Amino acid sequence: ARCLAPRERLGARSPFSRGPAAPGMGVRPLVQIGVAVYSGELTSSVRGHVSRMLDEVKAVCPDAVILVGGYRGGMRVVVDEALARGLRVVLVLPRDYEGDYAPPGVGKVRTGMDVRGRSVILVRSSDVLVVVGGGAGTLVEAVTAYSIGVPVVYLVSTGYPTDALAAAYPMGEI
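The structure reproduced in this document is the subject of the present report. Quick caveat, the model's predicted, so the values are computed rather than measured.

### A closer look at the sheet that holds strand S8 (residues 152–154)
Ordered in space as S6-S5-S4-S3-S7-S8, the 6 strands form an open sheet in which the pairing is parallel. The sheet is open, and its two borders are formed by strand S6 (107–110) and S8, each paired with just one other strand. Each strand axis lies, on average, 25° off the axis of its neighbour in the sheet, ignoring direction. When strand S3 (residues 32–37) meets strand S4 (residues 65–68), the two strands line up parallel, connected through 3 bridges. Among the inter-strand pairings, Gly34 is bridged to a residue of S4, identified as Leu67.

See the structure below:
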């Protein structure tokens, strides 16, 4: 199914669905789900959050494409877990990551940009951005998404600076 609906606020439904496609057609899946995540190593708790999040993506939107900023640290966890579930993955790479290994079958977009420029491309290419946990770069991706109208879903109690999003936006959306 194709996602043709304009971007809209998430409301009470799953962040990984767009709502009705047409009468009798059920839920229209999102095409591209961006994941903003720490480039260092993740805690075991956050790894568990990643697994559960991707289980929901697979259940609600099995044809989704997962967009990630590279294949390092937490990004590697997201990529490996998504592939293990049969989800499609595309890496949106900054120039410094272009020579990094990527598993077979993973798409690559070589942006030629630094990590900040790459982040704008990743966010603009996403129908929703999931903030798993991270620092300044992940926060920048969340704020960029908010500023251009991309819905943002964020995990809380990760122990990373992105937990501040819950305090700043207690209603659960930014």
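Once you've had a look at it, read on.
### Some remarks on helix H2 (residues 73–84)
In this model, H2 (12 residues) spans 17 Å end to end at C-alpha, consistent with the 16 Å of a helix rising 1.5 Å per residue. For H2, the full list of buried residues reads Gly73, Gly74, Met75, Val77, Val78, Val79 and Ala82. Next to the buried residues of H2 lie S3, helix H1 (44–60), S4 and strand S5 (88–93). Once H2 ends, the next one or two residues include Gly86, with phi positive near 80°.

### Quick notes on H1
Here H1 is 17 residues long and its end C-alpha atoms lie 25 Å apart, about the 24 Å a rise of 1.5 Å per residue gives. Those residues of H1 that fall on the buried side of the exposure criterion are Val46, Gly48, Val50, Ser51, Met53, Leu54 and Val57.

Rules of the game
- Residues numbered from 1 in each chain as written.
- Predicted model: local features only at pLDDT ≥ 70, side-chain atom pairs only at ≥ 80, totals over all residues.
- Heavy atoms only, no water.
- Pairing = 2+ DSSP bridges.
- Helix = DSSP H or I, 4+ residues; strand = E, 2+ residues; numbered from the N terminus.
- Axes fitted to C-alpha atoms, helices over the stretch in contact; angles between N-to-C directions.
- Expected span 1.5 Å × (residues − 1).
- Buried < 20%, exposed > 50% of the residue type's maximum accessible area, 1.4 Å probe, protein only.
- Contact = heavy atoms within 4.5 Å.

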